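# Examination of the molecular architecture
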Amino acid sequence: MHFVRHISTPIGQMIAVADENALISLDFTDEETQAECSDHPLLLQLEQELGEYFAKKRQTFTLPLSPSGTEFQKGVWNMLLKIPYGKTVSYAKEAQMLGSPKAVRAVANANGKNPIAILIPCHRVISSNGSIGGYTGGVWRKEFLLSLENRLTLLK
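Residues numbered from 1 in each chain as written. Predicted model: local features only at pLDDT ≥ 70, side-chain atom pairs only at ≥ 80, totals over all residues. Heavy atoms only, no water.

Time to look at the packing of aromatic side chains. Centre-to-centre distance and the angle between the planes together describe a pair of aromatic rings. For the structure on display, the rule yields 5 aromatic pairs. Residues Tyr 53 and Tyr 85 carry aromatic rings whose centres are separated by 6.3 Å and whose planes lie at 90 degrees to one another, so their mutual orientation is edge-to-face. With Tyr 53 in helix H1 (residues 41-54) and Tyr 85 in the loop between helix H2 (71-80) and strand E4 (87-90), the pair connects residues that are 32 residues apart, well separated along the chain. For the pair Tyr 53 and Tyr 85, a shared accessibility class is recorded, and that class is buried. Taken together, the ring pairs in this structure connect Tyr 53, Phe 54, Phe 61, Tyr 85 and Phe 144 into an aromatic cluster. (Phe/Tyr/Trp six-rings, centres within 6.5 Å; stacked < 30°, edge-to-face > 60°. Helix = DSSP H or I, 4+ residues; strand = E, 2+ residues; numbered from the N terminus. Buried < 20%, exposed > 50% of the residue type's maximum accessible area, 1.4 Å probe, protein only.)

Structural data, given as structure tokens:
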């Protein structure tokens, strides 16, 4: 069984989906909807933690995550979880950290398929030349998130 909750954030509406045990997806939605809004404890906790994150009172999330994807994608997403708040890495560095330095495009593609925005912080990955790169939720949202986190330095 899946539970759905719509969450308002400073960068737009998000839709969260959880099962009994973990968050499955969190994505931006531009649709105004009156769909059901579950009060499942995981989704209420997510809403609270996101509120704290946007208020600069939280740097890490505590929810169990269960994204669906290939083994490679899951490996990429697990690597993203290791990028500290306020830091960024390049797509090339991320591929290198995975032990696949030539797989930059595959890594970038996996980042783009990340089903759990913000909590799996693909917004912390930028281009090697220091430019912001892409973001499935929109580059303006990525800029907002990096600014919120006061991006300090590119990890070497």
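Now that the structure is up, let's keep going.
The subject of this paragraph is the pattern of salt bridges. Within the structure shown, the criterion is met by 5 salt bridges. For Arg 58, the salt bridge identified is with Glu 49, shortest N-O distance 3.9 Å. The exposure class assigned to Arg 58 is buried, which follows from its relative accessible area of 18%. A salt bridge links Arg 58 to Glu 52; the nearest nitrogen and oxygen atoms lie 2.8 Å apart. Residues participating in the shared-partner salt-bridge network are Arg 5, Asp 39 and Glu 47. (Salt bridge = Lys/Arg side-chain N within 4 Å of Asp/Glu carboxyl O.)

Sheet strands pair via backbone hydrogen bonds, and the direction of the pair is either parallel or antiparallel. Strands sit in the order E1-E2-E3 across an open sheet of 3 strands; the sheet is antiparallel. Across the chains shown, the open sheet's two edge strands, defined by having one partner strand only, are strand E1 (3-9) and strand E3 (23-28). When the angles between neighbouring strand axes are averaged without regard to direction, this sheet yields 20 degrees. Relative to E3, strand E2 (residues 12-18) runs antiparallel, the two being bridged by 5 bridges. Looking across to E3, one finds that Ala 18 is bridged to Leu 23. Packing against the sheet, H1 makes contact with E1, E2 and E3, and its axis sits at approximately 15 degrees to E1. (Pairing = 2+ DSSP bridges. Axes fitted to C-alpha atoms, helices over the stretch in contact; angles between N-to-C directions. Contact = heavy atoms within 4.5 Å.)

Once that is clear, we can look at the nonpolar core. Among the nonpolar cores identified, the biggest contains 37 residues, and Leu 26, Leu 46, Leu 50, Ile 118 and Leu 119 are the most heavily contacted of them. Elements represented by at least two residues in this core include exactly E1, E2, E3, H1, H2, helix H3 (91-97), helix H4 (104-112) and helix H5 (139-148). Sort the elements by how many residues they give to this core and H1 lands first, with 6 residues. Here Leu 26 is in contact with Met 14, Ile 15, Ala 16, Leu 46, Leu 50, Pro 115, Ile 116, Ala 117 and Leu 119, once residues within four sequence places are set aside. (Core = buried A, V, L, I, M, F, W, Y, C linked by side-chain atoms within 4.5 Å.)

So, about H4. Since the α-helix packs 3.6 residues into each turn, any two residues three or four apart lie on the same face. The complete set of buried residues in H4 reads Val 107, Ala 110 and Asn 111. Taken around the axis of H4, the buried residues stretch over an arc of 105 degrees, which confines them to a single face. On the buried face of H4, the contacting elements are H2, H3 and strand E5 (125-126). (Arc of directions from axis to C-beta.)

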